[in-house]
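Geometric and topological summary
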Amino acid sequence: MRFPISIARLARVGTTVVALTACSIGAHAGSPREGICGSVDYNAMILDIIKGMPVGGGYSLNSRTLQLPTLTAHNIGRKKWEMRVYDGTPSHCTSATYTVFLHLVAELQNSGAIHLTQEQLHSLSADDKLPDGSSRVDGEGPFAIFNSNGAGAAALLMHTGTGFSFRDDKLGYARPGDLLKIFWNEGVGSNEKGHQVIYMGKRQVAGRDMVCFWSSQRQRKKKRDGRNEALYFAAADDGKVQDGYGEVCRPRGDIKEMVFSRITCMKHLRAGLAEMARLSGEGGGTADQFVDEYLRKLRTSSSDHITLNRMYDIVAAPSPATYADSGIAPSH
């Protein structure tokens, strides 16, 4: 089983080097391109989903109060399954952004644009328990991959062949609707401080350059230039920062590193989940049994951005001239 490919790439899964395939993106250093997968604008779909999301709901990192999103699969006949997603609050950053991803999958599944099996739908569940009842940890299955330190969204898109990831410090190539992992420090892994969000654009707020995003966060104070200020700024002049779901902004100077991930080909999701299931054990298993050993190790160990780039094909954004000539839309 292979995806339509432009290049083959190697990714380490556990201790085995497995040949994976690109999402027709020609992903190589310095030259990411939009996926050749029809004319679907997934960024626009993500932005529409965000418009329908609730605001607030609270923020929590406590497993006893955190409510992860849930999904159900319903047989509608002729071997077709409908997917329903239920938001979870209080939330945290990865549970919020993964909820938007699930809504995207549901919209495509229910419209017939993609055709996941019942087993594949259930494998996407944000479940913190393995089938044997033991606790699921980072790197184990789609949600726990997405939820990992490092670049979980980049890892999930690479493993499923549904997109590509890039770095864009100048914010010239990034588009609203891109997934974005923000690093507040230089660490990767157990020593990192980060935030998983959906990029909404760059703007001036209170006279400063800001990066704006949608996610789940809690408002606090931060000392900048000797002054105590709000940690997050409202995205609109008359807006309010809510604890939980919402769009906010942070000064560009607060951010040390950024990894953007762009969804380009959700038609590959079924084949990608099937491949993850095939690699999950002897004789095959399910996609939620697939383990990314690198991400699992990042719970207790540290890595670096060079290794992160190599592991998940994270490339440099092209220069403005490059994407102007190619017709790729820049940031708005």
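Residues numbered from 1 in each chain as written. Predicted model: local features only at pLDDT ≥ 70, side-chain atom pairs only at ≥ 80, totals over all residues. Heavy atoms only, no water.

Moving on, we come to the pairing of strand β5 (residues 80–86). Of the two faces of β5, the one lined by Trp-81, Met-83 and Val-85 is fully buried and the one lined by Lys-80, Glu-82, Arg-84 and Tyr-86 carries no buried residue. Taken together, the seven bridges between strand β4 (residues 70–77) and β5 define a ladder with antiparallel strand orientation. Bridging across to β5, His-74 finds its partner in Glu-82. Between β4 and β5, which pair antiparallel and follow one another directly, the connecting turn spans two residues, one of which, Arg-78, has a positive phi of 55°. (Buried < 20%, exposed > 50% of the residue type's maximum accessible area, 1.4 Å probe, protein only. Helix = DSSP H or I, 4+ residues; strand = E, 2+ residues; numbered from the N terminus. Pairing = 2+ DSSP bridges.)

What follows deals with the environment of Trp-214. Note on placement: Trp-214 falls in strand β9 (residues 208–217). Counting along the chain gives 32 residues from Trp-214 to Gly-246, while the straight-line C-alpha distance between them is 5.5 Å. In contact with Trp-214, other than residues within four places in its own chain, are Ile-50, Met-53, Ala-96, Thr-97, Val-100, Val-197, Ile-198, Met-200, Tyr-245, Gly-246 and Glu-247. (Contact = heavy atoms within 4.5 Å.)

Further remarks concern the nonpolar core. Ranked by size, the top nonpolar core spans 65 residues in total, and within it Tyr-98, Leu-104, Val-105, Trp-214, Ile-263, Met-266 and Tyr-312 carry the most contacts. The biggest single contributor to this core is helix α2 (residues 93–111), with nine residues. Residues within four places of Leu-104 in sequence aside, it is in contact with Tyr-42, Met-45, Ile-46, Ile-49, Ile-263 and Met-266. Membership of the second largest hydrophobic core comes to 22 residues, among which are Leu-171, Tyr-173, Leu-180 and Leu-231. (Core = buried A, V, L, I, M, F, W, Y, C linked by side-chain atoms within 4.5 Å.)

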